[in-house]
Amino acid sequence: MSYCTLAVVGNFTYPSTSTSNPNPKVSISNSTQRRKEFVSLLKNCKDANQILPIHAKIIRTGHDQDPFILFELLRLSSTLSSVNYASTIFQLVHNPNVFLYTALIDGFVSAGSYSDGISLYFQMINRFIVPDKYVITAVLKACGSRFALREGKEVHCQASKLGLSSNRSITMKLMEFYGKCGEFDDARKLFDKMTERDVVASTIVINCFLDHGLVEQAIEVFDRVRVKDTVCWTAMIDGLVRNGEMNMALEMFREMQKGNMRPNEVTIVCVLSACSQLGALELGRWVHSYIGKHHRIELNHFVGGALISMYSRCGDIDEAERIFAMMKERNVITYNLMISGLAMHGKSIQAIEIFRGMIKLGLLPTSVTFVAILNACSHGGLVNLGLEMFHSMSRDYGIPPQIEHYGCIVDLLGRVGHLKEAYNFIHNMEIAPDHVMLGSLLSACKIHGNFELGEQVARILMNHGVVDSGTYVLLANVYASSGKWKEAAQIRAKMKEGGIQKEPGCSSIEVNNEIHEFLLGDLRHPQKEKIYNKLEELNQVLKEAGHIPATDAVLHDIEDWEKEQALAIHSERLAICYGLISTKPGTTIRVVKNLRVCDDCHSMIKLIAKITGRKIVVRDRKRFHHFENGNCSCGDYW
């Protein structure tokens, strides 16, 4: 190359001007024509590698300092995920103006390099280049994303001195910045000073509150918005879902429908997420039918993945598989969702087939893929295949195992009773075990009756330091199962001293598009009398069928008749009874429980399904149980 030499920068070969060949002089008309040509060529680039020959030609023809061409070059390089290349170009600019600074700061922000964007802005200020509204909004976005409160306040002062703080776009970016940094008073002052507090400004404030879990304050602002658009409704629904307010999110969606406001793709995905977590299958089906009626919402990766997740988590794995088969294009995220869904429902072989099909298509698995496939092996008791998959992660795909993958193997070994092997596996790991993994092994020790090893694991857990309420309960249960009531009582006393409360068992069931929740011995439901009458009727039928309550599941030192009473009012039983009295014969009953189903409830539900001729689907903390004809899909181990 006669006019430039090549220097390697990152993954790109960067053309740099040769010192022995100064740029040739060009006429103004020729320069203008060349500029148009280069800008047009750059705008047509679709890949970062296409930039290189164009840039080389720009240098050869002496246009490497043209600010218009440089702006397009910086913007394009940043857009095509080559911000390092853009940064190197910028370093060779003799006199960068505010527009070139803006282009690169935008590039840093888009790439998530917020600190670099902030540093570049202050470099610009130190060179006495006056900022405009575009660069100020760009750097404020970086400050908000980086929670750089001090730097953001400096930018605010500079904007005020330049008379730009009243600019609408800057005001809104300032509100967003202060909101992200938790400075709500400052954000609210800016909002209150706005002469035009429209839906866009209100949505920014709503998002700020919801990002920090301040649901009531967000609703207060939302309620005051007179004319709400789809974006405002979606922001509110999304924020409620992110803050765990699923019922409120679905109610908000119903209000949106009453107001004849059409949801967009993002709204649909947020609502499907709420349905997934609540197990609201009927509402999820309605949303699915809505998508079918409105062709502007496509069954793409985004919506299709949300539907697969919703149907999987709401108990209809067959429909999830149908959606997967219908999708014209699938990416690795779609495959991950399908594999994970099949694993939850105990369809381990089908999950493995989907995984192998993905590999044949040339799609590379991710860390998430291996969590899903290892879970499938665990639920299916496929020890050899699970270990092979685990070793193939780093060997074949260069993915180092993380704590979740190690945990899956411990769960797999514990599930099939290979307790010593699981214990040794933990000791030989390259990373320290967490309380979730140790709790999984402790649970396996309890199930398989190895209380000696269970006590060893319990001691490790107690010395571990980070123990949640579920782990404390499990520890107490292990001691109680082996008849060590004193030790069990000590664990419960320790919980009380530490102010740690046991998570209450809660079961929910969807009937006529409404979610009904039940706690242990719940008396709040309007139809409580009918529910308990049905429960008593079932207990009698079950007794006649030979069901003997598994009182050893109640791990308290009390009389057997007291244990039987405690078992009889578990939340999933109340939810099932409500399902039996409020749905037509033959209808599948679907229940979601936040904790693991106990042994006695599990055996009882199998009998109820057989006696009533109903299919009962229960989603607990670990997996799905499909009860039908006196059997369960989990094979009595979960």
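Residues numbered from 1 in each chain as written. Predicted model: local features only at pLDDT ≥ 70, side-chain atom pairs only at ≥ 80, totals over all residues. Heavy atoms only, no water.

- As annotated in an unreviewed UniProt entry, the protein chain is DYW domain-containing protein from Gossypium mustelinum.

1. Brief notes about the nonpolar core
- Counting residues in each nonpolar core, the largest one holds 163 residues, and the members touching the most others are Y121, M175, I373 and L441.
- The residues touching L441, leaving out its near neighbours within four places in the chain, are V410, L419, A422, Y423, I426 and V457.
- Of all hydrophobic cores here, the second largest spans 27 residues; its members include I509, V511, I531 and L535. (Core = buried A, V, L, I, M, F, W, Y, C linked by side-chain atoms within 4.5 Å. Buried < 20%, exposed > 50% of the residue type's maximum accessible area, 1.4 Å probe, protein only. Contact = heavy atoms within 4.5 Å.)

2. Regarding helix α2 (residues 51–60)
- Counting buried residues in α2 gives seven out of 10 residues, a clear majority hidden from the surface.
- Turning to α2, its buried residues number three or more, namely I51, L52, I54, H55, A56, I58 and I59.
- Downstream of α2 by one or two residues, G62 has phi in the positive range, about 80°. (Helix = DSSP H or I, 4+ residues; strand = E, 2+ residues; numbered from the N terminus.)

3. Focus on the state of the cysteines
- Inspection of every chain in the model, using the stated rule, returns zero disulfides.
- Looking at C270, it has no disulfide partner, and the nearest cysteine sulfur is the one in C275, 11 Å off.
- This cysteine, C445, is not joined by any disulfide, and C408 carries the nearest cysteine sulfur, 18 Å off. (Disulfide = S-S within 2.5 Å.)

4. Some remarks on the sheet that holds strand β8 (residues 631–632)
- Taken in spatial order, the six strands make up an open sheet running β4-β3-β5-β6-β7-β8, and their pairing is mixed. Every interior strand has two partners, whereas the edge strands, β4 (514–519) and β8, have only one.
- As paired strands, strand β3 (residues 506–511) and β4 are joined by six bridges and run antiparallel to one another. Counterpart to S508 in the pairing with β4 is E517.
- Contacting β3, β4, β5 (589–593) and β6 (616–619), helix α31 (residues 571–582) runs over the sheet at an angle of about 15° to β3. (Pairing = 2+ DSSP bridges. Axes fitted to C-alpha atoms, helices over the stretch in contact; angles between N-to-C directions.)

5. Here we look at the pattern of salt bridges
- As enumerated under the stated definition, the model contains 29 salt bridges in all.
- Across the salt bridge formed by D211 and R242, the nearest N and O atoms sit 3.2 Å from each other. One end of the pair, D211, is in helix α11 (residues 199–211); the other, R242, is in helix α13 (residues 230–242), and 31 residues separate them in sequence.
- By relative accessible area, which is 43% here, R242 ends up partly exposed.
- In this structure, E282 and R285 form a salt bridge, with 2.9 Å as the shortest nitrogen-oxygen distance. In this pair, E282 and R285 are both assigned in helix α16 (residues 281–293), three residues apart and thus about one turn of the helix distant.
- Take R285: its relative accessible area is 30%, and that puts it in the partly exposed class.
- Connected through shared salt-bridge partners, R34, E37 and K57 make up one network. (Salt bridge = Lys/Arg side-chain N within 4 Å of Asp/Glu carboxyl O.)

6. Description of the UniProt feature "repeat: PPR" (unreviewed entry) in the protein chain
- Listed under "repeat: PPR" (unreviewed entry) in the UniProt record, and renumbered for this structure, are residues 97–131, 167–201, 229–263, 300–330, 331–365 and 468–502.
- With 74% helix and 0% strand, the stretch residues 229–263 has end C-alpha atoms that lie 10 Å from each other.
- Between the first and last C-alpha atoms of residues 331–365 the distance is 10 Å; the span itself is 74% helix and 0% strand. (UniProt positions renumbered as here; feature names shortened; annotations may be inferred.)

7. Digging into the pairing of β5
- Here β5 lies mainly inside the structure; four of its five residues are buried.
- Pairing of β3 with β5 involves three bridges; the strand directions are antiparallel. Opposite S508, over in β5, you have V592 as the bridge partner.
- The sheet contact formed by β5 and β6 spans four bridges and is parallel. Pairing of R590 across the sheet is with V617, part of β6.
- With helix α32 (residues 599–612) bridging β5 and its parallel neighbour β6, the resulting β-α-β unit is right-handed. (Right-handed = clockwise from strand over helix to strand, strands pointing away.)

8. Let's talk about the packing of helix α29 (residues 528–544) against α31
- For the pair α29 and α31, the least separation of the axes is 9 Å and the interaxial angle reads 100°. Put simply, α29 runs roughly perpendicular to α31. Across the interface between the two elements, K530, I531, Y532, K534, L535, L538 and N539 from α29 touch R573, L574, C577, Y578, L580 and I581 from α31.
- Split into classes, the residues belonging to the contact of α29 with α31 amount to nine nonpolar, one polar and three charged. (Parallel < 35°, antiparallel > 145°, perpendicular 65-115°, else oblique. Nonpolar A, V, L, I, M, F, W, Y, C, P; charged D, E, K, R; others polar.)

9. Focus: the packing of helix α3 (residues 67–79) against helix α4 (residues 83–91)
- At their nearest, the axes of α3 and α4 sit 7 Å apart, and the two run at 155° to each other. One element, α3, and the other, α4, form an angle in the roughly antiparallel class. In the packing of α3 onto α4, the handedness of the crossing is left-handed. Residues L70, L73, L74, S77 and S78 of α3 touch α4, and the partners they reach there are V83, Y85, A86, I89 and F90. (Left-handed = near helix turned anticlockwise from the far one by under 90°.)

10. A short note on the packing of aromatic side chains
- Enumeration according to the criterion identifies 14 aromatic pairs in this entry.
- Taken together, a centroid distance of 5.9 Å and an interplanar angle of 65° make the contact between F355 and F370 edge-to-face. Taken as a pair, F355 in helix α20 (residues 348–360) and F370 in helix α21 (residues 367–380) lie far apart in primary sequence, 15 residues in all. Each member of the pair, F355 as well as F370, carries the same accessibility label: buried.
- Measuring from ring centre to ring centre gives 5.9 Å for Y406 and F425, while their planes differ by 50°; the resulting arrangement is tilted. Here F425 lies in helix α24 (residues 419–427) and Y406 lies in helix α23 (residues 403–415), a separation of 19 residues in the sequence.
- Assessed through its relative accessible area of 7%, Y406 is described here as buried.
- The class for F425 is buried, based on a relative accessible area of 18%.
- The rings of F253, W286 and Y290 are connected pair by pair, giving a single aromatic cluster.
- Directly above the ring of F324 sits R330, whose terminal nitrogen or CZ lies 4.2 Å from the centroid. (Phe/Tyr/Trp six-rings, centres within 6.5 Å; stacked < 30°, edge-to-face > 60°. Lys NZ or Arg CZ within 6 Å of the ring centre and 35° of its normal.)

11. Focus: helix α5 (residues 98–110)
- Relative to the 18 Å expected for 13 residues at 1.5 Å per residue, α5 spans 18 Å between its end C-alpha atoms, a close match to the ideal helical length.
- In terms of residue burial, α5 counts as a mostly covered element, since 10 of its 13 residues are buried.
- When we look at burial in α5, the residues that qualify are V98, L100, Y101, T102, A103, L104, I105, G107, F108 and V109.
- For α5, the secondary structure elements touched by its buried residues are α3, α4, α6 (114–126) and α7 (133–146).
- For α5, the capping residue at the N-terminal end is N97, with a side-chain oxygen 3.1 Å from the backbone nitrogen of F99.
- At the exit of α5 stands G112, carrying a positive phi of roughly 80°. (Expected span 1.5 Å × (residues − 1). Polar contact = N/O pair within 3.5 Å; in protein donor to acceptor, adjacent residues only side chain to side chain.)

12. Overview of the environment of I500
- Within the fold, I500 resides in the loop between α28 (485–497) and β3.
- The exposure class assigned to I500 is partly exposed, which follows from its relative accessible area of 27%.
- With residues up to four places along the chain from it excluded, the contact list for I500 reads S469, Y472 and M495.

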